[in-house]
Every structure is written in C-alpha cells, then in structure tokens.
Amino acid sequence: MTASPEYPTFDFDQVDFVTSDTHFSHARISELAGRPFSSVEEMDDELLRRWNETVAPGDTVLHLGDVALGSIQHSLPLTAGLHGRRFLVPGNHDRVSPATQTRSAIERFTPLYEDAGWIILPEVIAGRRGGQRLIASHYPYRGDSQELDRHVSHRPVDDGNPLIHGHTHSRDAGANGNQFHVGVDAFACAPIPFELIDVWLTDLRSETTQ
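Peer 1: Would you mind going over the pattern of salt bridges in detail, with residue names and values included?
Peer 2: What the rule picks out here adds up to 7 salt bridges. The partner of R129 in a salt bridge is D198, with the nearest N and O atoms 2.8 Å apart. Of this pair, R129 sits in strand β6 (residues 124–129) while D198 sits in helix α5 (residues 195–209), and the two are 69 residues apart along the sequence. Using a relative accessible area of 12% as the deciding quantity, one classes R129 as buried.

What follows is the structure, given as structure tokens:
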C-alpha cells in the first residue's frame, strides 16, 4: 500500500445516509441511466418523495455529487425540500465543482447551494467510520459512465483504503473491491443507510485479517 494522501478530514460517524447522482431536473437522465420515469417532473417528484420517506428531518446525509442540473435557479430550490442535514461532495455536474467550474463560477453559485441547505465539502474527504479509515469522492478510483475515465486528476488516489463514490450511474449496487457505489441508480432512487457501508467495511476488515 502506498502512503495515503492528505485529504481534508470528515467525521463519517455523524452520517446516517449516503447517496449520489440524483440529477434533479436533468431532462435526459432517465433515458441515459434507464430510470423508470416518463417525464422530468415525475422524476423530480419521485426523487423528493423517496428521499423524504427514507430520511427523517433530524438525519444527516452525505451526497456524493451531481445534485441537480437543468436551470440551476429552478432545480436547486427543489432540493431545499429534502429532509436532513445535507453535506455535498461536489460532482462534475455541480456548479461548485473544481473539476468543471472556474473559481469565479464556484463563488457565484455557492450561495445558491447554501440557500437550498447544502453544506459544501471538498472533492475528496477522508476520515474514520467506527475507527476504520474511509475515503469519499464523487469519482471512483476506476470506472466511469463512459468508456474512458474522466476527470482523472480530480479522483482520489487508490492507496488501498475503502472508497465510497458515485459518478458511474451503474445499476450494480454496492461493492467492487475496495470501492462502493452509492448512486441512486443502484438503490431505487433513494439514499441508503450508512449501515450498508458498515457491513462492507466489516467484511473488508475480515478479509485483510484472514
């Protein structure tokens, strides 16, 4: 295992749910990702309903990027109705993404995200969950929704540590080696309890001690 990069620290023990790639108001995402909605309005309504049926107002949610597209002045206010204390690790489609936005754009759009209730985090965060090291990013160590991996310079370095991520829109749920896909396209368009990550981390720890 190589030396671990110094990523900004985050307390994963505070998180109740994790998700990514909601793509609120993205007109083509149902076609691109095979979502079962006939219109963007139906998708937005269902994303909001399924989130709030899963997450209580007092819960903490970690969102790993690509919250909303379309007209950001319309789509971001929709997310203000989502339950929970909401942290956002920016994805490439977020207007606060260092991978795709200029510094001036990030400064301009940050207040819109904050007004909708989002607490914006760095692109890659690291910390511990139950004492075990964990990395989180929008991007996986490897893999993409396209043939070639994009935004490589903004991805975390695979140092052997467990990583939770989104970005791929894969409908395969969960673990793939030392990375775990948490996107809504793999989990019925809703956030998942962080206990699923806990089980995976326990399994990884068991594998390394055998």
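Peer 1: Account for the side chain of S25, with residues named and values stated.
Peer 2: Relative to the helices and strands, S25 resides in the loop between β2 (17–19) and α1 (29–33). Beyond its immediate chain neighbours, meaning those up to four positions away, S25 contacts V40, M43, D44, L69, G70, H74, S75 and L78.

Peer 1: I'd like a description of the sheet that holds strand β11 (residues 192–193), backed by residues and values.
Peer 2: Reading across from one edge, β5-β4-β3-β2-β11 is the order of the 5 strands in this open sheet, with mixed pairing throughout. Every interior strand has two partners, whereas the edge strands, β5 (118–120) and β11, have only one. Where strand β3 (residues 60–63) lies against strand β4 (residues 85–88), 4 bridges are found, and the strand directions are parallel. Counterpart to H63 in the pairing with β4 is L88.

Peer 1: Can you tell me about the packing of aromatic side chains, naming the residues and giving the values?
Peer 2: One pass over the structure, following the stated rule, counts 5 aromatic pairs. An angle of 75° between the planes, with centres 5.2 Å apart, marks the rings of F10 and F12 as edge-to-face. The two residues F10 and F12 agree in class, both being buried. Their ring planes at 55° and their centres at 5.2 Å tell us that F180 and W200 sit as a pair that is tilted. Taken together, the residues F180 in strand β10 (residues 179–181) and W200 in helix α5 connect sequence positions 20 residues apart. Grouping residues by exposure puts F180 and W200 together as buried. Each residue in the set F10, F12, F87 and F194 is aromatic and connected to the rest through ring pairs, giving one cluster. In this arrangement the basic side chain of R86 is found over the ring face of W118, its NZ or CZ atom lying 4.6 Å from the centre. Here the guanidinium or amino end of R95 rests over the ring plane of F109, the centre of that ring lying 5.5 Å away.

About the thresholds
- Residues numbered from 1 in each chain as written.
- Predicted model: local features only at pLDDT ≥ 70, side-chain atom pairs only at ≥ 80, totals over all residues.
- Heavy atoms only, no water.
- Salt bridge = Lys/Arg side-chain N within 4 Å of Asp/Glu carboxyl O.
- Helix = DSSP H or I, 4+ residues; strand = E, 2+ residues; numbered from the N terminus.
- Buried < 20%, exposed > 50% of the residue type's maximum accessible area, 1.4 Å probe, protein only.
- Contact = heavy atoms within 4.5 Å.
- Pairing = 2+ DSSP bridges.
- Phe/Tyr/Trp six-rings, centres within 6.5 Å; stacked < 30°, edge-to-face > 60°.
- Lys NZ or Arg CZ within 6 Å of the ring centre and 35° of its normal.

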